[in-house]
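Structural overview
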Amino acid sequence: MSLQQSPAWRALASHKQTLDCVLMRDLFADDPERFSRFSIRSGDLLLDYSKNRVTSETMALLADLAREAGVEACRDEMFAGSKINFTEKRAVLHTALRQPWGFQLLLEGGQEVGKDIAAVLGQMKGFTEQILSGKWKGYSGKAITDVVNIGIGGSDLGPYMVTEALRPFAHGAVKVHFVSNIDGTHISETLKRVDEETTLFIIASKTFTTQETLTNAHTARSWFLERAVDESFIARHFAAVSTNKEAVQAFGIDTGNMFGFWDWVGGRYSLWSSIGLSIALYLGFDRFLELLAGAHSMDEHFRSAPLDANIPVVLALLGIWYNNFFDFPSHAVIPYDQYLHRLPAYLQQLDMESNGKRVDRDGNVVDYATGPVIWGEPGTNSQHAFFQLMHQGTSCVPADFILPLKTQNPAGEHHDILAANCFAQTEALMKGKTAAEARAELGSAGMSEEEIDALVPHKVFPGNRPTNTLIFNEINPFNLGALIAMYEHKVFVQGVIWRINSFDQWGVELGKQLAKAILPELGSADDVATHDASTNALINLYRRSRNG
Ligand SMILES: O=P(O)(O)OC[C@H]1O[C@H](O)[C@H](O)[C@@H](O)[C@@H]1O
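All values reported here derive from a predicted model rather than from experimental measurement.

1. Here we look at helix α7 (residues 157–165)
Of all 9 residues that make up α7, 8 are buried, and the element is covered over most of its length. Turning to α7, its buried residues number three or more, namely L157, G158, P159, M161, V162, T163, E164 and A165. Buried residues in α7 make contact with β4 (175–179), α12 (277–283), α13 (285–304), α15 (343–355) and α20 (477–497).

Below, the structure written as structure tokens:
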């Protein structure tokens, strides 16, 4: 049966019509219990979803949709190690990486997952302690002071986002730098800030075939050898994180400095694996374990809470409610915490690479929307940039507002002002401002009736724009782990309901293939004529400029 013909979907479609003219401001006025009815707490995390266009009936019907889609059974299959990434014939076990010590899981084929994870964690712990204590020396006998993580996509976005978010928890012995872009500017500017005698390069690539990462790694290697000269010194300054041992060896990195992981860790789900080595070096190993423990606590909540009291499930269902029943095509994430400034970028990969799919599990083109466009910027900066559209634009953008109760940097009134803005924005988006309210306001400003008539339409806010507010005590490794895992599971639940494979990413391949074909053409002496007219002209323009 097609998804849109399923009983739960049809019930939601007809229920939606009953809500078309309902205003959230009236729902709040009618129900003083609305906040407690529509909020969930898990540990330190509170989700307030009362500012959504939902009633108790909506939430019950949405939970029916999750039940009908078999969300609970699919979730259990993921945790058990079934090969739910069927196009790549892989299990999806990032949750195993944050299980407590002693965890056991035997995979088909004989892999003892818990044992393998513990071995790599032990290796990371030893390495981290050596670097941070200064026992590990660079080629000239000095301790390491700078770590440069070279990776892209999942091998960059997670560690970069987390190390930015947890700056107040830095161990202090090393600084971390992240190089991802193939644009030579990125590596060049980074190399200007470090000294080869005291720098450790981590080449982070699941496949160890990614063009950007290998090119940047070779540039770093040449830069290092120009200064240190002796190739045997590479072992003191280069480490690799990968699933591909042969390629690491071929690059010339000592496999003693290689940290492995496994094909059942997707790139965008890999910060919990040895891809998190730069995080462990920045924070110290114990804090890396706290991050894992926080994620594990969210895994436990996701596995045990009933669907209607399950934070990731509720977030997923609300996303589907707007994406599929209201046709709102995007979703914003607005962290009111400067340390979380890379969270929207991280979530773009997590969500859009996972659920940006157009065929269902049987290979049929879907006739409903799947993953929305995810975007965002920290508050309050975003208020002064794109909130105009959020309040008065023609498209409605549901949004998550994220706020820690405590700041890491108490300074005068800053945090109160930040929090006041966060609460004010969700209130304004929900309530809006009617023409009568705008008129009354303008009247008290002493304007003429004519002036008021002309201005009122511009001053009206339609309101009824949905938001979730996520609050926790403070940003720390544990809470950040829980927050990230929450979003991972939200994305998972949506993928199950949309009947898609959230764990492959074939859509990134075509561009890579074509770039490989175009690269040698850029050096060709003759005009290129094998592409379409636009691509030919652009290549030839570049060629002429490049080749003089
Ligand atoms: O870690 P790597 O194998 O170098 O892959 C890095 C990234 O590149 C790919 O194109 C994928 O789209 C991402 O999911 C992946 O995280």
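Alright, that's what it looks like, and here's the rest.
2. A short note on the site of the ligand
Around the ligand sit 14 residues in total, of which S155, S205, T207, T210 and E353 are the nearest. G154 has a polar backbone atom sitting 2.8 Å from an oxygen atom of the ligand. Note that an oxygen atom of the ligand is positioned 2.6 Å from one of the side-chain N or O atoms of S155. If the ligand stood free it would expose 390 Å²; the protein chains cover 89% of that surface.

3. Some points on the sheet that holds strand β11 (residues 467–472)
The 6 strands are arranged β1-β2-β11-β10-β8-β9 in an open sheet whose pairing can be described as mixed. Looking at which strands have only one partner, the edges of the open sheet turn out to be β1 (39–42) and β9 (373–375). Adjacent strand axes in the sheet meet at a mean angle of 15 degrees, parallel and antiparallel pairs treated alike. For strand β8 (residues 330–335) and strand β10 (residues 399–404), the ladder comprises 4 bridges, and the chain directions are parallel. Within β10, the position partnered with I334 by the bridge is F401.

4. Comments concerning the sheet that holds strand β5 (residues 199–204)
In space, the 5 strands of this open sheet follow the order β4-β3-β5-β6-β7, with parallel pairing throughout. Edge positions in the sheet fall to β4 and β7 (258–260), since each of these pairs with one other strand and no more. Ignoring strand direction, the axes of neighbouring strands in this sheet form an average angle of 20 degrees. As defined by bridge partners, β5 adjoins strand β6 (residues 238–242) across 4 bridges and the pair is classed as parallel. Counterpart to A204 in the pairing with β6 is V241. In the packing of helix α6 (residues 113–133) onto the sheet, contacts are made with β5, β6 and β7, and the angle to β7 comes to roughly 145 degrees.

5. Considering the side chain of N501
Residue placement: N501 occurs in the loop between α20 and α21 (509–521). Judged by relative accessible area, N501 falls into the buried class, the value being 6%. Here F503 takes part through its backbone nitrogen, which lies 2.8 Å from a polar atom of the side chain of N501. A polar contact of 3.3 Å, which involves the side chain of N501, links it to the side chain of D504. Residues contacting N501, with those up to four places away along its chain left out, are I84, N85, F86, T87, S354 and K357.

6. A look at the UniProt feature "active site" (unreviewed entry) in the chain
As annotated by UniProt and renumbered to match this structure, "active site" (unreviewed entry) occupies E353, H384 and K512. A maximum C-alpha distance of 36.6 Å is found for the annotated residues, which run over 160 residues; spatially they are spread out rather than grouped. Annotated residues from the preceding list that form part of the lining of the largest pocket: these are E353 and K512. You can see H384 is positioned in the loop between β9 and α16 (387–392). Inspection of the secondary structure assignment puts K512 in helix α21. In this structure K512 comes out as partly exposed when scored by relative accessible area, which is 43%.

7. Looking at the side chain of K51
With respect to the helices and strands, K51 occurs in the loop between β2 (45–48) and α4 (56–69). Within the buried set, K51 has no salt-bridge partner at all; the shortest N-O distance to an opposite charge, 4.3 Å, is to D48. Engagement of the side chain of K51 in a polar contact is seen with the side chain of T426, the distance being 3.3 Å. Other than its neighbours up to four places away in sequence, K51 contacts M24, F28, T426, E427, M430, P466 and T467.

8. Topic: the packing of aromatic side chains
Counted under the stated rule, the structure contains 27 aromatic pairs. Measuring from ring centre to ring centre gives 5.8 Å for Y139 and F224, while their planes differ by 90 degrees; the resulting arrangement is edge-to-face. Taken together, the positions of Y139 in the loop between α6 and β3 (146–150) and F224 in helix α9 (residues 211–228) put the pair 85 residues apart, joining distant regions of the chain. What makes F224 buried here is its relative accessible area of 0%. Taking the centre distance of 5.7 Å and the plane angle of 40 degrees together, the rings of F386 and F387 count as tilted.

Criteria and thresholds
Residues numbered from 1 in each chain as written. Predicted model: local features only at pLDDT ≥ 70, side-chain atom pairs only at ≥ 80, totals over all residues. Heavy atoms only, no water. Buried < 20%, exposed > 50% of the residue type's maximum accessible area, 1.4 Å probe, protein only. Helix = DSSP H or I, 4+ residues; strand = E, 2+ residues; numbered from the N terminus. Contact = heavy atoms within 4.5 Å. Near = heavy atom within 4 Å. Polar contact = N/O pair within 3.5 Å; in protein donor to acceptor, adjacent residues only side chain to side chain. Areas by Shrake-Rupley, 256 points an atom, 1.4 Å probe, with all protein chains shown as cover. Pairing = 2+ DSSP bridges. Axes fitted to C-alpha atoms, helices over the stretch in contact; angles between N-to-C directions. UniProt positions renumbered as here; feature names shortened; annotations may be inferred. 1 Å grid on protein atoms, 1.4 Å probe; cavity = no way out; pocket = protein on both sides within 12 Å on 5 of 7 lines; lining within 4 Å. Lys, Arg positive; Asp, Glu negative; His and termini not counted. Salt bridge = Lys/Arg side-chain N within 4 Å of Asp/Glu carboxyl O. Phe/Tyr/Trp six-rings, centres within 6.5 Å; stacked < 30°, edge-to-face > 60°.

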